[in-house]
Amino acid sequence: MRPVIGITCGDGMDPATEALSLPASYTRSVYRAGGLPVLLAPPRDEADPEEAVQALDRIAGLLIPGGVDVAAGIYGEAPHPALGRVNPDLDALEVPLIQAALRREMPLLAICRGIQALNVAAGGTLYQDLAAQAPGAIQHRQAAPRWHASHTVTVAGESRLASILGGEQAAVNSFHHQAVKKVAPGFVATAAAPDGIIEAIENPDLPFAVGVQWHPEGMWQRHPVMLELFTALVAAASPARRAAR
Ligand code: MN
């Protein structure tokens, strides 16, 4: 039986068409890694945290994908002029979902917007816009193809991430203008770009709570090691692993 991995729709709903969207690269990656992907949407137009959290009873692992910006008010800041598009309904779904998943020690992988939502949900803050707020930052919005590893990251040696990626150096793609600023309590930064920008976090006290700022789902077909992030999520969500806890 494939562990069921719930994935939120990170681009939220298009107000014009009311279409929910998620790139198929996420479902493909979960399936390839041995999981059964299911999409999680807000149960009603105005997401009810209590109802949203019930979805966790039906899944074994949670994947928070890339997407729009997280609203700055959630971490107590006024919006910077360079803050991008936000989706309040998506925030209202993901923040309580992440908080409940962490409380339940449910395996959780967070990608791009996902690491930002994870960090905020756990009490951290973000750079609202790297170009405006992080002088000296390198290019984090590559114009190169999705699979291209445009910058390196240094991975913390004792981290779960290092064991997943098999070393303390990795090359990653980069499609973000926000990033983790203050790391959430309980989490540690486990990868940094050459400019010091945080590219991964994890909670060492939980069975599997890992966030990465890059897009492994867009890389593994050319850089197979990046599939290991999904494989690790699915393994952590497998019945045997959960029973052993
Ligand atoms: Mn980057």
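Provided above is the structure to which this section pertains.
Note that the structure is a prediction, hence the values are computed from the model and not measured.

Participant: What is the right way to look at the overall build of the chain in this model?
Facilitator: Summing up its helical and strand segments, the chain has eight helices and eleven strands in all. A globule of 245 residues ought to have a C-alpha radius of gyration of about 18 Å, and the chain, at 17 Å, matches this closely. Across its three principal directions, the C-alpha atoms of the chain cover 45 × 40 × 35 Å. In the chain, which comprises 245 residues, the proportion classed as buried is 51%. Across the chain, every contact between residues at least 6 apart in sequence was considered, and the portion connecting residues at least 24 apart equals 69%.

Participant: Help me understand the nonpolar core in this model?
Facilitator: The nonpolar side chains of a soluble globular protein tend to be buried with one another. Of all hydrophobic cores here, the largest spans 37 residues; its most connected members are Leu-63, Leu-109, Leu-161, Trp-214, Leu-229 and Phe-230. For this core, the secondary-structure elements that each account for two or more residues are strand E1 (4-8), helix H1 (24-32), strand E4 (108-111), strand E6 (151-155), helix H6 (160-165), strand E7 (169-172), strand E11 (209-212) and helix H7 (228-236). Non-local contacts of Phe-230, meaning those with residues more than four positions away in its chain, are made with Ser-29, Val-30, Ala-33, Leu-63, Leu-109, Ile-111, Pro-216, Glu-217 and Trp-220. Within the second largest apolar cluster, 34 residues are counted, among which are Leu-56, Leu-83, Leu-102 and Leu-126.

Participant: In this structure, what is going on with the coordination of the manganese ion? I would like to understand it.
Facilitator: Geometry sets the ideal angles at a metal, namely 109.5 degrees for four tetrahedral donors and 90 or 180 degrees for six octahedral donors. The protein atoms that coordinate the manganese ion are His-140 (ND1), His-151 (NE2), Ser-174 (OG), His-176 (NE2) and Glu-199 (OE), at distances spanning 2.3 Å. Each donor residue of the manganese ion lies on one chain, and together they are spaced H-x10-H-x22-S-x1-H-x22-E. In terms of burial, Ser-174 and His-176 fall into one category: buried.

Participant: Just to check I follow, could you spell out the side chain of Gln-128 for this structure?
Facilitator: Locating Gln-128 in the fold gives a position in the loop between strand E5 (126-127) and helix H5 (130-133). Under the relative-accessibility criterion, Gln-128 is labelled buried at 1%. Here the side chain of Gln-128 touches Ala-78 through a polar contact of 2.9 Å, landing on its backbone oxygen. Not counting the four nearest positions on each side in its chain, Gln-128 is found in contact with Ala-72, Tyr-75, Glu-77, Ala-78, Pro-79, His-80, Ala-82, Leu-83, Gln-133, His-177 and Gln-178.

Participant: Help me understand the pattern of salt bridges, please; the structure alone is not making it clear to me.
Facilitator: Oppositely charged side chains are able to pair whenever their charged atoms sit close together. Inspection of the entire model under this criterion finds four salt bridges. Glu-77 is paired through a salt bridge with Lys-181; the nearest N and O atoms lie 3.4 Å apart. Of this pair, Glu-77 sits in the loop between strand E3 (61-64) and helix H3 (88-103) while Lys-181 is found in the loop between strand E8 (179-180) and strand E9 (188-192), placing the two residues 104 residues apart along the sequence. Asp-91 serves as the salt-bridge partner of Arg-113, at 2.8 Å between the closest nitrogen and oxygen. Taken together, the residues Arg-113 in helix H4 (residues 113-121) and Asp-91 in helix H3 connect sequence positions 22 residues apart. The pair Arg-113 / Asp-91 is uniform in exposure class, with both members buried.

Participant: I would appreciate a short explanation of unusual backbone geometry in the present structure.
Facilitator: Apart from glycine, the bulk of residues carry a negative phi angle, and the bulk of peptide bonds sit in the trans form. With phi around 60°, Glu-105 is a residue other than glycine that occupies positive phi space. Taking relative accessible area as the criterion, Glu-105 reaches 35% and is therefore assigned partly exposed. Here Cys-112, not a glycine, exhibits a phi torsion of approximately 55°, which is positive. Mapped onto the fold, Cys-112 is located in the loop between E4 and H4. What makes Cys-112 buried here is its relative accessible area of 5%.

Participant: Before we go on, may I ask you to explain the packing of aromatic side chains in this structure?
Facilitator: Geometrically, a pair of aromatic rings is defined through the distance of the ring centres and the angle of the planes. Applying the stated criterion to the full structure yields zero aromatic pairs. Of note, Arg-146 hangs over the ring of Phe-175, and the distance from its end group to the ring centre comes to 4.3 Å.

Scoring rules and cut-offs
Residues numbered from 1 in each chain as written. Predicted model: local features only at pLDDT ≥ 70, side-chain atom pairs only at ≥ 80, totals over all residues. Heavy atoms only, no water. Helix = DSSP H or I, 4+ residues; strand = E, 2+ residues; numbered from the N terminus. Rg over C-alpha atoms; globule rule 2.2 N^0.38 Å. Buried < 20%, exposed > 50% of the residue type's maximum accessible area, 1.4 Å probe, protein only. Contact = heavy atoms within 4.5 Å. Core = buried A, V, L, I, M, F, W, Y, C linked by side-chain atoms within 4.5 Å. Donors = N, O, S within 2.8 Å, 3.2 Å for Na, K, Ca; no water. Polar contact = N/O pair within 3.5 Å; in protein donor to acceptor, adjacent residues only side chain to side chain. Salt bridge = Lys/Arg side-chain N within 4 Å of Asp/Glu carboxyl O. Phe/Tyr/Trp six-rings, centres within 6.5 Å; stacked < 30°, edge-to-face > 60°. Lys NZ or Arg CZ within 6 Å of the ring centre and 35° of its normal.

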